[in-house]
Amino acid sequence: MATLAKPPLSEKPEAVVVRFAGDSGDGMQLTGGQFTLSSALSGNDFATFPDFPAEIRAPQGTLFGVSAFQINFGATDIDTAGDAPDVLVAMNPAALKTNLPALKPGGLVIVDEGEFGKRNLDKAKYDTNPLDDDTLAKYDVLRLDISARTIEAVKPYGLGNKDALRSKNMWTLGLALWMFDRDRTPIHDWLKAKFKGKPEIAAANIAALDAGHAYGETAELAGPLRQVHVDPVPTAPGLYRTLTGAEGIALGLVAGCRLLRLPMFFGGYPITPASAILHHLVRMKEFNVTTFQAEDEIAAICAAIGASYAGSLGITSSSGPGIALKTEAIGLGIMTELPLVIVNSQRGGPSTGLPTKTEQSDLYQAVYGRNGDAPMPVIAARSPADAFDCAIEACRIAVQYMTPVMLLTDGYIANAAEPWRVPDPEAFERMPAEFLEEANGPDGQLLPFKRDAKGARPWIKPGTPGLMHRIGGIEKAVDTGHIDYSPANHQAMTDARKNKIEGIRVRDQQVSVGTKGGKLAVVGWGSTYGPIHQAVTRARRGGLDASHIHLRHIWPLPANLGELLGSYDKVLVPEMNTGQLKTLLRDQYLIDAQPLTKTSGQPFQIAELEAAIATYFDGVPGNAGGNIVPPNDQQLPSTES
Amino acid sequence: MNAPVKIETTLKDWETDQEVRWCPGCGDYAILKAVQRTLPVLGADPKNTVFISGIGCSSRFPYYVESYGFHTIHGRAPAVATGVKLANPELDVWIVTGDGDGMSIGGNHTMHILRRNLNCQILLFNNEIYGLTKGQASPTSRLGTRSPTTPAGSYDRPAKACAFAIGAGARFVARGFDVSKKLPEVLEAAYRHQGAAFVEIFQNCIVYNKDVFDGFAAPKGAEDHQLWLEDGQPMLFANGTKGITLDHNTLQLAIVDVVDGDWQSAGVIVHNVRNRSIAHMLVEIPFPEFPKALGVLYDDPRPSFEGEVMDEKARMSEGKEPNLAALLGKGQSWTVDDEQGHPAE
Ligand code: SF4
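- If you check an unreviewed UniProt entry, chain B appears there as 2-oxoacid:ferredoxin oxidoreductase subunit beta from Parerythrobacter lacustris.

- For chain A, an unreviewed UniProt entry supplies the name 2-oxoacid:acceptor oxidoreductase subunit alpha and the organism Parerythrobacter lacustris.

## Let's talk about the overall build of chain A
So, point 1. Each helix and strand counted, chain A has 20 helices and 20 strands in total.
So, point 2. The C-alpha radius of gyration of chain A comes to 27 Å, within 12% of the 26 Å expected for a compact globule of 641 residues.
So, point 3. Structurally, chain A occupies a C-alpha span of about 90 × 65 × 45 Å along its principal axes.
So, point 4. Counting all 641 residues of chain A, 56% fall into the buried class.
So, point 5. Counting contacts in chain A only where the partners sit at least 6 residues apart, residues at least 24 apart contribute 75% of the total.

## Considering the overall build of chain B
So, point 1. Each helix and strand counted, chain B has twelve helices and 13 strands in total.
So, point 2. Counting only C-alpha atoms, chain B reaches 95 × 50 × 45 Å along its principal axes.
So, point 3. Out of the 345 residues in chain B, the part that is buried amounts to 49%.
So, point 4. Restricting the contact set of chain B to residue pairs at least 6 apart, pairs at least 24 apart contribute 66%.

## Observations regarding the interface of chain B and chain A
So, point 1. Between chain B and chain A, the contact holds 54 residues from the first and 62 residues from the second.
So, point 2. Contributing elements (two or more residues each) for the side of chain B that touches chain A: strand 2 (68–71), helix 2 (77–87), helix 4 (107–116), helix 11 (305–317), helix 12 (324–328) and strand 12 (333–336) of chain B.
So, point 3. Looking at which element gives the most residues to the side of chain B that touches chain A, the answer is helix 2 of chain B, with eight residues.
So, point 4. Tallied by class, the residues present in the side of chain B that touches chain A amount to 24 nonpolar, 21 polar and nine charged.
So, point 5. The pairing of strand 7 (residues 238–244) of chain A with strand 12 of chain B spans four bridges and is classified as antiparallel.

## Brief notes about the sheet that holds strand 8 (residues 236–237) of chain B
All names here are of chain B.
So, point 1. If you walk across this open sheet you meet the three strands as 8-9-10, and the pairing is antiparallel. Two strands bound the open sheet, and with one partner strand each, they are strand 8 and strand 10 (252–257).
So, point 2. Two elements, strand 9 (residues 242–247) and strand 10, share six bridges in a ladder whose sense is antiparallel. Among the inter-strand pairings, G243 is bridged to a residue of strand 10, identified as V256.

## Overview of the site of the ligand
So, point 1. Looking at the ligand, the residues that line it are B:W22, B:C23, B:C26, B:D28, B:C57, B:N127, B:G131, B:L132, B:C205, B:I206, B:V207 and B:Y208.
So, point 2. Taken together, the residues of the shell around the ligand sort by class into nine nonpolar, two polar and one charged.

## Topic: unusual backbone geometry
So, point 1. The peptide bond linking A:W555 to A:P556 adopts the cis configuration, its omega dihedral lying at -10°.
So, point 2. Looking at the element boundaries, A:P556 is found in the loop between strand 18 (553–555) and helix 18 (561–565).
So, point 3. Looking along the chain, the bond that leaves B:F287 and enters B:P288 is cis, with omega of 15°.
So, point 4. Mapped onto the elements of the fold, B:P288 is located in the loop between helix 10 (276–282) and strand 11 (292–299).
So, point 5. The backbone of A:M402 sits at a positive phi, close to 50°, despite the residue not being glycine.
So, point 6. With respect to the secondary-structure elements, A:M402 resides in the loop between helix 14 (384–400) and strand 13 (404–410).
So, point 7. Its 24 C-beta neighbours within 10 Å are what place A:M402 among the buried residues.
So, point 8. Of note, the phi angle at B:L251 is positive, near 55°, even though the residue is not glycine.
So, point 9. In this structure, B:L251 sits in the loop between strand 9 and strand 10.

## A word on helix 9 (residues 245–260) of chain A
Residues and elements named next belong to chain A.
So, point 1. For helix 9, built from 16 residues, the straight-helix expectation of 22 Å at 1.5 Å per residue is met to within 8% by its first-to-last C-alpha distance of 22 Å.
So, point 2. With 16 of its 16 residues buried, helix 9 lies for the most part within the structure.
So, point 3. Just beyond helix 9, the residue with positive phi is R261, at close to 55°.

## Here's the deal with the pairing of strand 11 of chain B
Residue and element names in this part refer to chain B.
So, point 1. Taken across its eight residues, strand 11 has eight buried, putting it largely inside the fold.
So, point 2. With four bridges connecting them, strand 7 (residues 226–229) and strand 11 associate as parallel partners. Across the sheet, residue L229 finds its bridge partner in strand 11, namely G295.

## As for helix 2 of chain B
So, point 1. Counting buried positions along helix 2 of chain B gives eleven out of eleven residues, so the element sits mostly inside the fold.
So, point 2. Of all the residues in helix 2 of chain B, the buried ones are B:A77, B:P78, B:A79, B:V80, B:A81, B:T82, B:G83, B:V84, B:K85, B:L86 and B:A87.

## Points about the pairing of strand 6 (residues 196–202) of chain B
Residue and element names in this part refer to chain B.
So, point 1. Taken across its seven residues, strand 6 has seven buried, putting it largely inside the fold.
So, point 2. Burial along strand 6 is two-sided: the face carrying A196, F198, E200 and F202 and the face carrying A197, V199 and I201 are both buried.
So, point 3. As paired elements, strand 4 (residues 120–126) and strand 6 share seven bridges and run parallel to each other. Directly across from N126, in strand 6, lies its bridge partner F202.
So, point 4. Relative to strand 6, strand 5 (residues 172–177) runs parallel, the two sharing five bridges. Within strand 6, the position partnered with R175 by the bridge is E200.

## Considerations on the nonpolar core
Most often, soluble globular proteins keep nonpolar side chains buried together rather than apart.
So, point 1. Grouped together as the largest cluster of nonpolar side chains are 278 residues, with contacts concentrated most on A:L407 and B:V173.
So, point 2. Counting eight residues, the second largest nonpolar core, distinct from the first, contains B:W22, B:C57, B:I129 and B:Y130.

## A look at the sheet that holds strand 16 (residues 518–525) of chain A
The strands making up a sheet associate through backbone hydrogen bonding, with each pair oriented either parallel or antiparallel.
Residue and element names in this part refer to chain A.
So, point 1. Strand order in the open sheet made by the four strands is 17-16-19-20, with parallel pairing throughout. Two strands bound the open sheet, and with one partner strand each, they are strand 17 (546–551) and strand 20 (593–597). Looking at each pair of strands side by side, their axes are set apart by 25° on average, direction ignored.
So, point 2. In terms of strand pairing, strand 16 meets strand 17 through six bridges, oriented parallel.

## Overview of the confidence of the model for chain A
All names here are of chain A.
So, point 1. On average, residues of chain A carry a pLDDT of 92, and 94% of them reach 70 or more.
So, point 2. Contacts for the low-pLDDT stretch residues 1–7, under 50 throughout, to residues beyond four places or in other chains number 23 contacts.
So, point 3. For residues 625–641, every residue scores under 50 in pLDDT, and the model assigns this stretch 37 contacts once sequence neighbours within four places are set aside.

## Description of the packing of helix 4 (residues 146–154) of chain A against helix 8 (residues 199–219) of chain A
All names here are of chain A.
So, point 1. In the contact formed by helix 4 and helix 8, the axes pass within 8 Å of each other and the chain directions differ by 125°. One element, helix 4, and the other, helix 8, form an angle in the oblique class. Relative to helix 8, helix 4 is oriented so that their crossing is right-handed. Judged by residue contacts, R149, T150, A153 and V154 of helix 4 engage A204, A207, A208, A211 and Y215 from helix 8.
So, point 2. Taken together, the residues that form the contact of helix 4 with helix 8 break down as seven nonpolar, one polar and one charged.

## Topic: the packing of helix 1 (residues 28–41) of chain A against helix 6 (residues 168–179) of chain A
Residues and elements named next belong to chain A.
So, point 1. Close contact between helix 1 and helix 6 brings their axes to 10 Å; oriented N to C, the two are set at 30°. The orientation of helix 1 with respect to helix 6, classified from their angle, is roughly parallel. As for the relative orientation of helix 1 and helix 6, their crossing is right-handed in sense. Judged by residue contacts, M28, L30, T31, Q34, F35 and S38 of helix 1 engage N169, T172, L173, A176 and L177 from helix 6.
So, point 2. Looking at side-chain class alone, the contact of helix 1 with helix 6 contains six nonpolar, five polar and no charged residues.

## A look at the environment of A:A164
Residue and element names in this part refer to chain A.
So, point 1. Here A164 lies in helix 5 (residues 161–165).
So, point 2. Given 20 C-beta atoms within 10 Å, A164 falls into the buried group.
So, point 3. Sequence separation between A164 and N120 is 44 residues; the distance between their C-alpha atoms is 19 Å.
So, point 4. When near neighbours in sequence (up to four residues on either side) are disregarded, A164 contacts T150, I151, V154 and L159.

## Some remarks on the confidence of the model for chain B
Parts of the prediction with low pLDDT should not have their coordinates interpreted in detail.
So, point 1. Taken over all residues, the pLDDT of chain B has a mean of 95, while the share at 70 or more is 97%.
So, point 2. Scoring of the predicted complex yields 0.93 for pTM and 0.97 for ipTM.

Criteria and cut-off values
- Residues numbered from 1 in each chain as written.
- Chains lettered and ligands numbered in written order.
- Predicted model: local features only at pLDDT ≥ 70, side-chain atom pairs only at ≥ 80, totals over all residues.
- Helix = DSSP H or I, 4+ residues; strand = E, 2+ residues; numbered from the N terminus.
- Rg over C-alpha atoms; globule rule 2.2 N^0.38 Å.
- Buried ≥ 20, exposed ≤ 12 C-beta atoms within 10 Å, placed from the backbone.
- Contact = placed C-beta atoms within 7 Å.
- Nonpolar A, V, L, I, M, F, W, Y, C, P; charged D, E, K, R; others polar.
- Pairing = 2+ DSSP bridges.
- Near = placed C-beta within 6 Å.
- Expected span 1.5 Å × (residues − 1).
- Core = buried A, V, L, I, M, F, W, Y, C linked by C-beta atoms within 7 Å.
- Axes fitted to C-alpha atoms, helices over the stretch in contact; angles between N-to-C directions.
- pLDDT = per-residue confidence, 0-100.
- Parallel < 35°, antiparallel > 145°, perpendicular 65-115°, else oblique.
- Left-handed = near helix turned anticlockwise from the far one by under 90°.

Shown next, in the form of structure tokens:
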């Protein structure tokens, strides 16, 4: 999020953060989704953060039933969903209570006062009406009886009150569209398409949307409401779409398999927040995708291993607890040297932890978490768009090196959306997989574990004439693959597995922002990319010699990384865990990497990273460091059971 | 079973050069031979045959069959087999498991492969003990089994593998034992069945649970203790002098004497492999009060899982071009046609 003149919003801000919050039944995710599309069509860059309850149908009006959708859109590059909203739309007292702490001082809060009756106030545990006391003193407040206005607007369509109130979210969206100078036509079209068979519902929703918009026009001069225009961000021409992380992964896996010319087999088991990937893939069967909802996490990965053994690319996906269950099977994949992609959509842990909140605490699990010496490549996506590229990379490494690969994403990336310039598949490098067709040893002998220059063994599909052989999780002899427990052989095979993985060629590490060498390197991985990127950019604008390095390859690490990190005086590692990458970097390079950790289930805010960076520059001119106000880091109440 | 073309092979073609590592005298040897003898009869093709196992003595089996083989992890062979078969339905998949592997650690997968009805043969070697880990009681050990973990005798009730299988929805349930001459016939029937074919094979672990099946498996008195079931044939044993009937008052199976071969008037049941109710009773009859029910207890095919998966995939792909560019551009999309970022309508 770019700097904002505050308070209040200027007429032409660089970026604006809006949060829509209401009851789960109020349609806030839909409102947010359509507002996102409208931002895209206005040429803004954006990032979104949906935040919904873990409960499927939480009781109406309760604090834990609040569903929110935050969008940060702007005329410059947007990397995060924004620290604090400039505008909060609260559809009921519970939404106000849970989201107000996040609002920027001086921000605008729009409330539906029609919902602030005694019952709803009680459910939100308000003793007195916050609209009438000084709760909102710090903010600009726009109180509107949105409920009544909606009923009024849709009256001509003969709907009962209950049905009429369903259009409240459209009234609110209409007001937001006016506020940000947006075209209503695409939303009209969307409503017509959505309610194709029910023209009166479509018309009622359009009427509500238009009424909200008209309200903005007429009320402009009276109160705190003003129209704000956010310019389009200069962008390369092309076809764009919104992309969530789950979509990015699913599409990347399909693309990866196409480039490898392999059928995809995807084994999954329902788990939050990983299930969305399976939901997307079941609808892509024409791309030779076979999906299998297994009886448990173990069966999901074992079936994927079986499919890889039979010549498909086996893929499985889960979140922390499910990955834990798959661990023994990952070892089997490593031991039998079969390609396999394991996607881990990380969430808060340990155990059930925080199913719908985000964390990066499975790095140890990914890199170290198996019995025996069981090396495995680990890749981490930093954003929805990056998830697409990482998925292709994971497929490539799995097949070219005959190994399981873990792809780390997290709950934040999975649900967040960003604009994505749709790539041209013709431009992708084709990398067809190869299968062994005839014996590869002397005198027609088959050597299933004879390695190529990369250290990879051949892939042999059952059904191939003359190449019958047996594999398994027991230690195998070099080359022949026969059972062999002998000491020298186990040493040789352990070394071969290790060398193969450590020898995987990954791109040299680049510096995302800043320079090679200098005072401070801020090293991140995964979904912390956005806030680190912005914080370092701002620090540099303030004259601080900080640079941002963001790792995609967690294992093996890029070959130049040790030397690169050694070129800075200090290394700071912000992570949404208790310091896992920090440990890895210390271990690998014997450097004094310092942790900056956060495990609140919420992404880093830019301001808190800025403050942390500033502490490294005490006494440096231009450092606002000590004066940076600690971020308003109020969390939404935890709703998990 | 899938092999469209019968392949000519001999027993020798199915032997590997690997040294067999079971204890001398173990029942597994006899089962291995029975399988290697049956495969040529079936016309099976070594290149299209895959043996998949879990962990345990029985699970070493794939190393000794000259076909494709995958020795996986404890209890998970059915899950691996499911992936193999979904990736390539043309393969003949045999699962080799044991009572610990298939009924204990892998019980969940055994249940689900049966209810889904993956087309494969599941051979569960039941020796009522953990052999490879040196003799602990297993989920099929009889009450009172003394073992390193149950020195005073086991007290948890044993599971009945075939009752479990039929309860899980199996469409083929059969029984045999290691040294039985009829084992190849049972294996052949399992192979011919389209869908998951569950075969419990009583196997003598001569080291840790020696001769526990002698009650019915020993040659002496076999006639009295074995009830070999055959579709369309009366349920007779003891050289035709006894048969199985249904007690209409208790709705339970009962033993009747058959005089002069007149089984009809004795009310002996004619075995019908498609009769699920009778199958339920046959897997439950107690031994030694009754003879051991052996052979094909139940065989009533239904469409196989991989067939359903492939059909669904074909249906969902119908009329759709696998156009990657179109897929990537689907959804909420817009076009930017100048550098200023103004989207085109
Ligand atoms: S322990 Fe028992 S089952 Fe295992 S090989 Fe020896 S005799 Fe056979």
